[in-house]
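An overview of the molecular structure
Here's the letter readout for the chains.
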Amino acid sequence: MPIADHFPLTIVVGTLFGAYLCPVVAYVRRRWLGRFAAAVTVLAFLQGVHLMDRVVHGEQPLYRVGGWAAPWGIELLVTPSAALMVLVLSGVGMLIAFYCLGYIDHEIAPRAQGWYYAAFLLLLSGMLGMSVTNDLFNTFVMMEITTLGACALVAASDTQRAAEAALRYLLLASLASTMILFGIGMVYSITGNLNLTFVTKELALAWRTYPRLATASIGLLTLGFALKAALFPLHVWLPEAHSAAPSPSSAMLSGLVVKIYAFTLIKMVYVVFAPMSAHLAPLRELLVVLATGAIIGGSLFAMVQDDLKRLLAYSTVAQVGYIFLGAGLGSPSAIMAAFFQIISHALTKSCLFLCAGIILERTGRRRIRLMDGMSKVLPVTTAAFTVAALSMIGLPTLSGFIPKWHLFQGGLEAHRPVFIGIVLMSGLLNAVYYLPIIWRFYFADPRTCPVVHRAVVDPAAWPRPPLYRRLVARLEAPPSMLAPVTVMALGLFVLGLFTGPTVAFLGRLAHSLLEVPVP
Amino acid sequence: MVERLAVNYPYFFAAVLFVIGLHTLLTHANLLKKVIGLNIAGTAVFLYFIAMGNARGRLEPLVDPAHPHAEFVNPLPSALILTGIVVAVSVTAFALGLIVKLYRYYGTLNAEEIVRLRSVLDADS
């Protein structure tokens with residue numbers, strides 16, 4: 001068996017072992033720690049690219065762990081949607097790991113860095129495992145790894161706020177896990193299988209015998225995943241957790257972690273419970289209603305925030321709403337919009353949080369009203385932030401526009417044009433809280449911002465670069481921090497301008513997920 | 001209805017325990033009690049799994065050459081719950097660690113008190 005056949009397993013287990021090695025590397029050579037973690041994520045990304053390549057060429061890689069065949073062993077199945085998730089997770093995870101190289105010393109104490117990277121890679125491997133696994137109980141185990149890793153990343157910031165937010169996040173996420181495990185137990189007692197392929201087949205035969213148990217199980221699964229994905233009004237833990245965490249953790253949590261739960265819920269509703277899909281119409285209706293609440297409510301909360309990271313966290317609540325809106329409408333275009341939103345928001349929100357991290361680290365500013373004239377001292381960072389914010393508003397040519405466009409089509413396909421209005425309105429609401437920030441960056445008088453003002457009036461006050469590294473040190477931040485945000489901002493243009501291949505791939509994905517023929 | 005309850009009483013108790021755990025977690029202000037509530041809810045799910053694998057009158061799943069056609073209980077749910085217990089222990093340990101940290105900061109275990117102290121601190125800064 002060529003080594004590439006093992007990639008569905010090694011992408012998960014390799015990252016997991018990388019996590020275990022981090023404290024050891026920190027003990028032996030702390031200087032190598034960041035590079036080691038980045039190397040592990042690069043390996044994961046390369047394997048992700050390979051898997052995606054195979055999926056694009058029509059394959060569906062299947063891996064039997066330990067060689068045990070389906071109902072007995074654990075299967076890893078790289079469906080098109082799983083390959084997409086793997087590529088997004090490993091790609092954005094890799095960029096954040098590179099960002100950590102330059103950033104980590106500013107928020108994490110040296111002795112804790114080994115454990116921080118360990119939690120970082122644990123989280124990544126848990127999410128990768130959740131996307132490729134084809135087994136219900138394995139999903140639960142990987143989900144717990146993800147949850148613990150995510151909470152550890154919040155608690156890593158050694159402040160009162162972070163400890164409090166991490167505890168609240170941990171309690172609610174574990175409650176959600178318990179509900180999901182209950183749901184999994186019910187599915188097992190109906191079908192006698194944990195392998196998703198077999199569960200689907202058995203459900204088709206058995207769900208009419210146990211309609212109440214089947215309904216209870218999908219209800220518990222939905223509730224659990226919605227709580228973890230912060231679907232409005234179950235988002236109460238999110239703003240504190242995402243804003244109190246160190247900035248790379250925020251990028252990870254907001255960009256990736258909420259998506260993996262949304263993705264798993266879509267997988268449950270549209271693949272595993274597909275046999276009873278006619279019965280699930282009220283559930284999809286509920287998702288649509290809550291998603292609408294999220295899109296409007298999240299934006300309204302975001303408007304009144306003064307702390308930049310809290311504003312971004314509330315914006316996540318609103319943006320997750322699009323994913324659930326697409327999932328709830330359930331027409332091919334809407335599902336496509338949901339997946340495009342997963343990619344687009346992963347890049348956009350990570351970019352915004354990483355930019356907020358650079359601003360925080362360079363100037364110590366969290367409050368928006370103290371960020372006047374920031375573009376004069378941090379031109380690249382503010383430019384990347386502006387691009388990402390405009391994408392969030394949904395400006396054409398940027399990737400944030402595409403999911404909105406397909407949601408319009410999805411609303412028409414589902415014969416519910418009211419959602420065109422809701423999506424348009426939410427774009428305006430986004431503009432209401434993102435444009436003032438951009439205006440402050442570029443056009444406000446920097447004299448109200450002492451840090452910026454000093455740097456502009458008296459360049460000597462700004463830390464002078466050492467002469468021998470003039471070119472690199474003249475930059476506003478180390479290249480390891482600027483490069484990821486620049487790549488993300490450029491990625492938004494690429495996704496927004498060259499939509500052909502992505503849309504074609506997502507179209508096939510949505511049609512195969514809904515089992516309707518590709519037009 | 002009563003008959004079905006009498007036969008399937010473990011499932012009934014699992015549901016009751018789950019609700020008790022949920023209630024404890026969501027309504028008590030004491031952080032330790034919240035963790036206890038989480039564990040009660042978890043135990044309810046474990047009970048559900050174990051009851052599901054059990055079948056009255058069947059043997060433990062050890063293959064005995066003397067009785068090649070003996071019927072066994074399903075060992076898989078018990079094996080799964082072993083993993084579930086490990087997960088619950090690690091979540092509890094992590095939560096207790098965070099609670100110790102919070103107690104050092106605030107000197108109280110009461111969640112409402114902590115929120116009050118936080119707002120006072122925020123107003124000062």
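What you see is a predicted model, and the numbers here were worked out from it, not measured in a lab. (Residues numbered from 1 in each chain as written. Chains lettered and ligands numbered in written order. Predicted model: local features only at pLDDT ≥ 70, side-chain atom pairs only at ≥ 80, totals over all residues.)

The next point concerns the interface of chain A and chain B. Many descriptions give the size of an interface as the accessible area lost when the pieces come together. Contact residues are listed per partner, giving 20 residues for chain A and 24 residues for chain B. Those elements that provide at least two residues to the side of chain A that touches chain B are helix H5 (136-155) and helix H6 (160-191) of chain A. When residues in the side of chain A that touches chain B are grouped by element, the largest group, 14 residues, is from H6(A). Residues of the side of chain A that touches chain B, tallied by class, amount to 13 nonpolar, five polar and two charged. (Contact = placed C-beta atoms within 7 Å. Helix = DSSP H or I, 4+ residues; strand = E, 2+ residues; numbered from the N terminus. Nonpolar A, V, L, I, M, F, W, Y, C, P; charged D, E, K, R; others polar.)

What follows deals with helix H11 (residues 281-303) of chain A. Under the 1.5 Å per step criterion, the end-to-end length of H11(A) is 33 Å for 23 residues, consistent within 8% with the ideal 33 Å. Along H11(A), the residues classified as buried are A:Leu287, A:Val288, A:Leu290, A:Ala291, A:Thr292, A:Ala294, A:Ile295, A:Gly298, A:Ser299, A:Phe301 and A:Ala302. (Expected span 1.5 Å × (residues − 1). Buried ≥ 20, exposed ≤ 12 C-beta atoms within 10 Å, placed from the backbone.)

A few words on the confidence of the model for chain B. A residue-level look at chain B finds 98% of positions with pLDDT of 70 or above and a mean pLDDT of 86. For this predicted complex, the interface confidence comes out at an ipTM of 0.93, alongside a pTM of 0.91. (pLDDT = per-residue confidence, 0-100.)

Our focus in this paragraph is the nonpolar core. By size, the foremost hydrophobic cluster in this structure holds 223 residues, and its most contacted members are A:Leu153, A:Val154, A:Ala166 and A:Phe324. The element best represented in this core is H6(A), accounting for 20 residues. The contact partners of A:Ala166, leaving out residues within four places of it in the chain, are A:Cys151, A:Val154, A:Ala155, A:Ala241 and B:Leu98. (Core = buried A, V, L, I, M, F, W, Y, C linked by C-beta atoms within 7 Å.)

To continue, consider the packing of helix H3 (residues 80-107) of chain A against helix H4 (residues 113-132) of chain A. All names here are of chain A. At a minimum axis separation of 9 Å, H3 and H4 run at an interaxial angle of 170°. If you check the angle between H3 and H4, you find them roughly antiparallel. Where H3 approaches H4, its residues Ala 82, Met 85, Val 86, Leu 89, Ser 90, Gly 93 and Ile 104 are matched on the opposing element by Gln 113, Tyr 116, Leu 124, Met 127, Leu 128, Ser 131 and Val 132. Its residues placed into classes, the contact of H3 with H4 shows 10 nonpolar, four polar and no charged. (Axes fitted to C-alpha atoms, helices over the stretch in contact; angles between N-to-C directions. Parallel < 35°, antiparallel > 145°, perpendicular 65-115°, else oblique.)

Let us look at the packing of H4(A) against H5(A). Residues and elements named next belong to chain A. Across the interface, H4 lies against H5 with an axial gap of 8 Å and an inter-helix angle of 150°. Relative to H5, the element H4 is oriented roughly antiparallel. Between H4 and H5 the crossing geometry is left-handed. In contact with Ala 119, Phe 120, Leu 122, Leu 123, Ser 125, Gly 126, Met 127, Gly 129 and Met 130 of H4, H5 contributes Thr 139, Met 142, Met 143, Ile 145, Thr 146, Gly 149, Ala 150, Ala 152 and Leu 153. A breakdown of the residues in the contact of H4 with H5 according to their chemical character gives 12 nonpolar, six polar and no charged. (Left-handed = near helix turned anticlockwise from the far one by under 90°.)

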